[in-house]
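Listed below are the residues making up each chain.
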Amino acid sequence: GDSVTQMEGPVTLSEEAFLTINCTYTATGYPSLFWYVQYPGEGLQLLLKATKADDKGSNKGFEATYRKETTSFHLEKGSVQVSDSAVYFCALSPAYGNNRLAFGKGNQVVVIP
Amino acid sequence: KAGVTQTPRYLIKTRGQQVTLSCSPISGHRSVSWYQQTPGQGLQFLFEYFSETQRNKGNFPGRFSGRQFSNSRSEMNVSTLELGDSALYLCASSLADRDSNEQFFGPGTRLTVL
């Protein structure tokens, strides 16, 4: 079935450092891809999305490009802030009209001042 | 426009009891999905309701059930609670039309089973 794999373990980095979180997926057809962020004690917020190959999603300085050839959707940010500390989830939705999101395990990001 | 709301935010129950959680979607959204979040299993899809019909279902036992009302509000019920049902239960709503499958999440209901 459809699945999403995120790199293992938390990510700790200093303020203004470059952030990258790897995400690869397995799916049939042409899924939509998403990055969600979860702050402590809150639900999930959609950070960015891409619905077809080579699309680049971007928001708040974060970017991710839908790479069908490598089945990847890596999240990047050029200069992180302390306020970016949160848990980041990669997810896919199999097709339009199908709202069954499959999530990766998530990565805790801690930004140190 | 108000976001997705979930009630209650916190619940404490004992094994064997049953519980009902409520979700009010964003106005105009017809699809409501439910997810369970635990440290061990992560985020897992429970089911989706669209126009009062269950459209998708995840791999959870029959103790987990749901329904949707004509105003798109949804409830999920867990019967005969087990310790392993302790989790954050998240509800998400979407327009579910051809041009947008973006889901908006509520803050969740934290269920603790003792």
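Details of the structure are given in the entry above.
Residues numbered from 1 in each chain as written. Chains lettered and ligands numbered in written order. Predicted model: local features only at pLDDT ≥ 70, side-chain atom pairs only at ≥ 80, totals over all residues. Heavy atoms only, no water.

### Examining unusual backbone geometry
Then step 1. P8(B) follows T7(B) through a cis peptide bond whose omega is -15°.
Then step 2. Structurally, the position occupied by P8(B) is in the loop between strand 1 (5–7) and strand 2 (10–13).
Then step 3. A positive phi angle, near 75°, is found at D54(A), a position not held by glycine.
Then step 4. You can see D54(A) is positioned in the loop between strand 6 (44–50) and strand 7 (56–59).
Then step 5. Despite not being glycine, T80(B) has its phi angle at roughly 45°, a positive value. (Helix = DSSP H or I, 4+ residues; strand = E, 2+ residues; numbered from the N terminus.)

### What about the environment of K77(A)?
All names here are of chain A.
Then step 1. Inspection of the secondary structure puts K77 in strand 9 (residues 75–77).
Then step 2. Taking relative accessible area as the criterion, K77 reaches 10% and is therefore assigned buried.
Then step 3. Discounting chain neighbours no more than four positions away, the residues touching K77 are A17, F18, L19, K60, G61, F62 and D84.
Then step 4. For K77, the side chain forms a polar contact with the side chain of D84, separated by 2.8 Å. (Buried < 20%, exposed > 50% of the residue type's maximum accessible area, 1.4 Å probe, protein only. Contact = heavy atoms within 4.5 Å. Polar contact = N/O pair within 3.5 Å; in protein donor to acceptor, adjacent residues only side chain to side chain.)

### Observations concerning the environment of G29(A)
Residue and element names in this part refer to chain A.
Then step 1. Within the element layout of this structure, G29 appears in the loop between strand 4 (23–26) and strand 5 (32–38).
Then step 2. The class for G29 is partly exposed, based on a relative accessible area of 42%.
Then step 3. Residues G29 and K49, spaced 20 residues apart in sequence, show a C-alpha to C-alpha distance of 17 Å.

### A short note on the interface of chain B and chain A
Then step 1. The interface of chain B with chain A comprises 29 residues on the first partner and 21 residues on the second.
Then step 2. Buried area between chain B and chain A, summed over both chains or domains, comes out near 1,900 Å², and the portion from carbon and sulfur atoms is 46%.
Then step 3. If you sort the residues of chain B by the area they bury against chain A, L43(B), N101(B) and F105(B) come out on top, with a joint share of 33%.
Then step 4. In this structure, K49(A) and E102(B) form a salt bridge, with 3.4 Å as the shortest nitrogen-oxygen distance.
Then step 5. Broken down by secondary-structure element, the contributors of at least two residues to the side of chain B that touches chain A are strand 4 (31–38), strand 5 (42–50), strand 6 (53–57) and strand 9 (87–94) of chain B.
Then step 6. For the side of chain B that touches chain A, the leading source of residues is strand 4 of chain B, giving four residues. (Buried area = accessible area lost by both parts, 1.4 Å probe. Salt bridge = Lys/Arg side-chain N within 4 Å of Asp/Glu carboxyl O.)

### Observations concerning the packing of aromatic side chains
Then step 1. Summed over the entire model, instances satisfying the criterion amount to twelve aromatic pairs over all chains.
Then step 2. An angle of 80° between the planes, with centres 6.1 Å apart, marks the rings of Y25(A) and Y66(A) as edge-to-face. Taken together, the residues span a long stretch of sequence, with Y25(A) in strand 4 and Y66(A) in the loop between strand 8 (62–65) and strand 9 at a distance of 41 residues.
Then step 3. With relative accessibility at 5%, the residue Y25(A) sits in the buried group.
Then step 4. Residue Y66(A) is classed as buried on the basis of its relative accessible area, which comes to 1%.
Then step 5. Ring geometry for F47(B) versus Y49(B): centroids 5.6 Å apart, planes at 70°, classification edge-to-face.
Then step 6. By relative accessible area, which is 1% here, F47(B) ends up buried.
Then step 7. Under the relative-accessibility criterion, Y49(B) is labelled buried at 5%.
Then step 8. A connected cluster of aromatic rings, assembled from ring pairs, spans F34(A), Y36(A), F89(A), F103(A), Y35(B), F45(B) and F105(B).
Then step 9. Against the face of F50(B) rests R55(B), its NZ or CZ located 4.3 Å from the ring centre. (Phe/Tyr/Trp six-rings, centres within 6.5 Å; stacked < 30°, edge-to-face > 60°. Lys NZ or Arg CZ within 6 Å of the ring centre and 35° of its normal.)

### Points about the sheet that holds strand 7 (residues 64–68) of chain B
Residue and element names in this part refer to chain B.
Then step 1. Overall, antiparallel pairing links the four strands, which are arranged 1-3-8-7 in an open sheet. With one partner strand each, in any of the chains shown, strand 1 and strand 7 form the two edges of the open sheet. Ignoring which end each strand starts from, the neighbouring axes of this sheet average 20° apart. (Pairing = 2+ DSSP bridges. Axes fitted to C-alpha atoms, helices over the stretch in contact; angles between N-to-C directions.)

### Here's the deal with the nonpolar core
Then step 1. Counting 26 residues, the largest nonpolar core has L19(A), W35(A), L48(A), F73(A), L75(A), Y88(A) and V109(A) as its most contacted members.
Then step 2. Taken together, the elements giving at least two residues each to this core come down to strand 2 (11–14), strand 3 (19–21), strand 4, strand 5, strand 6, strand 8, strand 10 (86–93) and strand 12 (107–112) of chain A.
Then step 3. Here this core gets four residues from one element, more than from any other, and that element is strand 10 of chain A.
Then step 4. Excluding its chain neighbours within four sequence positions, the residues that come into contact with L19(A) are V11(A), L13(A), F62(A), L75(A), E76(A), K77(A), V80(A) and V109(A).
Then step 5. Residues V19(B), Y49(B), L81(B) and C91(B) belong to the second largest nonpolar core, which totals 21 residues. (Core = buried A, V, L, I, M, F, W, Y, C linked by side-chain atoms within 4.5 Å.)

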